[in-house]
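Chain by chain, the residues run as shown.
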Amino acid sequence: MQRRTLIQRTLAASSLLLGASMLAAPALAQGNWPTSKPITYLVPFPPGGNTDTLARVISQPLNKALGTSVIIENKGGAGGSMGSALAARAPADGFTILGGTISSHAINVSLYSKLDYDPVKSFTPIAMLGSGPLVLVVPASSPYKTLAEVLAGSKSKASAGGLTSASPGNGTSNHMAMELLAYQTGVKFTHVPYKGSGPAVQDVMGGQVDMMFDTALVVGPHIQAGKLRPIAVTSSKRLESLPDVPTIAESGEKGFDMGSWQAVFAPAGTPKAIVDRLHDEIMKIVATPEVQARLKSFGMQPSRMTPAELAEFQKAEVTKWAAVIKAAGIKAD
């Protein structure tokens, strides 16, 4: 009799647990997040950059939407790899999300000989926030006014390594834009890495370096001041803020398309109900006029990708940059 009672109680407890787990997923689609602890929004870069700024733009309204705290934690280093590795090892329970970028989730896997995470297998895509093209600029004193002239000028200096191109550092999207142009055109350039965009821009304006790729946010004020000349943008469409500047594809290099993108990921294995809820709330935030305006002020085009679309896009980006990095023969370590 005691044994039968024990079995009945065990079965009843199992039924209750099963029922609770079945109710948990629908419950996440509405109401507050389970508030036993805050959500950590890992930013794999130092404070002040685009990834950090976007995290702060998203976190406050996400806090209200989910009814729980969203705490930003900056873990910079190795082009976003250190913070991404931490996120990859976090529990897949909806309490850790990551601000991933073209560097951390597409480029680094081919750039570094050892990476403590797989950019695809270690994460579950949640939401694409947006993508921002880069602008190819030269000093205002430069003789080059078109992409064709830039390419011809670099060919004429091939014996010296071609034109010099500045960037904020090895493996950055700015550097990769130059490598993609070299890969697609067969024209050589000499990469000149700096510690940040600030000193790189100063040397391009001063004529110490021939050109560089950077965001409209960084080079826009210098273009308006007449200190830099825009040559072309890397996206497939022209920038609203620079409507008279052609794309690289329009300038003769068909198929050229590159954007420095920002997205949100969770550790692999995060339940679909959690991913769907986070995606829906983040997309609502991105759709607000305030955030749309903020993204566009960064030179970014807001995105409406689904998690599945982001997954496919990311895989294509990994393949694309692997080919470029292999052809360039570059490594960050």
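Note that the structure is a prediction, hence the values are computed from the model and not measured. (Residues numbered from 1 in each chain as written. Predicted model: local features only at pLDDT ≥ 70, side-chain atom pairs only at ≥ 80, totals over all residues. Heavy atoms only, no water.)

### Notes on the overall build of the protein chain
Counting its regular elements, the protein chain contains 11 helices and 11 strands. Counting only C-alpha atoms and orienting by the principal axes, one finds that the protein chain spans roughly 95 × 40 × 30 Å. Burial analysis of the protein chain (333 residues in total) assigns 48% to the buried set. Carbon and sulfur atoms form 56% of the exposed surface of the protein chain, whose accessible area is close to 15500 Å². Side chains of the protein chain give 30 positive and 23 negative charges; the mean places of these two sets differ by 6 Å. (Helix = DSSP H or I, 4+ residues; strand = E, 2+ residues; numbered from the N terminus. Buried < 20%, exposed > 50% of the residue type's maximum accessible area, 1.4 Å probe, protein only. Areas by Shrake-Rupley, 256 points an atom, 1.4 Å probe, with all protein chains shown as cover. Lys, Arg positive; Asp, Glu negative; His and termini not counted. Charge placed at Lys NZ, Arg CZ, Asp CG, Glu CD.)

### Topic: unusual backbone geometry
Although it is not a glycine, Ala78 adopts a positive phi angle of roughly 55°. Take Ala78: it is sitting in the loop between β2 (70–74) and α3 (81–89). The class for Ala78 is partly exposed, based on a relative accessible area of 34%.

### Brief notes about the packing of helix α6 (residues 173–185) against helix α11 (residues 307–328)
Where α6 meets α11, the closest approach of the two axes is 10 Å, and the angle between their N-to-C directions is 75°. Taken together, α6 and α11 sit at an angle that is classed as roughly perpendicular. For the pair α6 and α11, contact is made by Met176, Glu179, Leu180 and Tyr183 and by Lys320, Trp321, Ala323, Val324, Ile325, Ala327 and Ala328, respectively. Split into classes, the residues belonging to the contact of α6 with α11 amount to 9 nonpolar, no polar and 2 charged. (Axes fitted to C-alpha atoms, helices over the stretch in contact; angles between N-to-C directions. Parallel < 35°, antiparallel > 145°, perpendicular 65-115°, else oblique. Contact = heavy atoms within 4.5 Å. Nonpolar A, V, L, I, M, F, W, Y, C, P; charged D, E, K, R; others polar.)

### Some words on the pairing of strand β6 (residues 163–167)
For β6, the tally of buried residues reaches 4 of 5 residues, placing the bulk of the element in the interior. Crossover handedness for the path β6 to α6 to strand β7 (residues 189–193): right-handed. Here 2 bridges tie β6 to strand β8 (residues 211–215), and the two strands are oriented parallel to one another. For Ser165, the partnering residue across the bridge sits in β8 and is Met211. (Right-handed = clockwise from strand over helix to strand, strands pointing away. Pairing = 2+ DSSP bridges.)

### Some details on the packing of aromatic side chains
In the structure shown here, the tally under the stated rule is 3 aromatic pairs. Their ring planes at 80° and their centres at 5.8 Å tell us that Tyr117 and Phe123 sit as a pair that is edge-to-face. Classification of Tyr117 by relative accessible area gives buried; the value is 6%. Seen in terms of ring centroids, Trp261 and Phe313 are 5.6 Å apart; in terms of plane orientation they differ by 70°. Their pairing is edge-to-face. A residue pair is termed long-range when its members are at least 10 positions apart, and Trp261 in strand β10 (residues 260–267) and Phe313 in helix α11 qualify at 52 residues. (Phe/Tyr/Trp six-rings, centres within 6.5 Å; stacked < 30°, edge-to-face > 60°.)

### Describing the domain arrangement of the protein chain
As assigned here, the protein chain comprises domain 1 (39–132 + 260–328) and domain 2 (133–251). Summed over both partners, the interface of domain 1 with domain 2 comes to about 1300 Å²; 69% of that surface belongs to carbon and sulfur atoms. The largest contributions to the domain 1 side of the interface with domain 2 come from Gly132, Trp321 and Val324, which together make up 27% of the buried area. Summed over the shared surface of domain 1 and domain 2, the number is 0 salt bridges. Taken together, the links from domain 1 to domain 2 amount to 1 residue pair in polar contact (both at pLDDT 80 or more). Secondary structure elements with two or more residues in the side of domain 1 that touches domain 2: α4 (102–111), β4 (123–132), α10 (289–297) and α11. The dominant element in the side of domain 1 that touches domain 2, judged by the number of residues it contributes, is α11, at 7 residues. (Domains from an automatic or database assignment. Buried area = accessible area lost by both parts, 1.4 Å probe. Salt bridge = Lys/Arg side-chain N within 4 Å of Asp/Glu carboxyl O. Polar contact = N/O pair within 3.5 Å; in protein donor to acceptor, adjacent residues only side chain to side chain.)

### A look at the packing of α4 against α11
The relative placement of two packed helices is expressed as an angle between their axes plus a distance between the axes. α11 packs onto α4 with a crossing angle of 40° between their chain directions and a minimal axis gap of 8 Å. Viewed along their axes, α4 and α11 adopt a mutual orientation that is oblique. For the pair α4 and α11, the sense of crossing is right-handed. Of the residues in α11, those touching α4 at Ile102, His105, Ala106, Ile107, Val109, Ser110 and Leu111 are Gln314, Glu317, Val318, Trp321, Ala322 and Ile325. A per-class count over the contact of α4 with α11 returns 9 nonpolar, 3 polar and 1 charged. (Left-handed = near helix turned anticlockwise from the far one by under 90°.)

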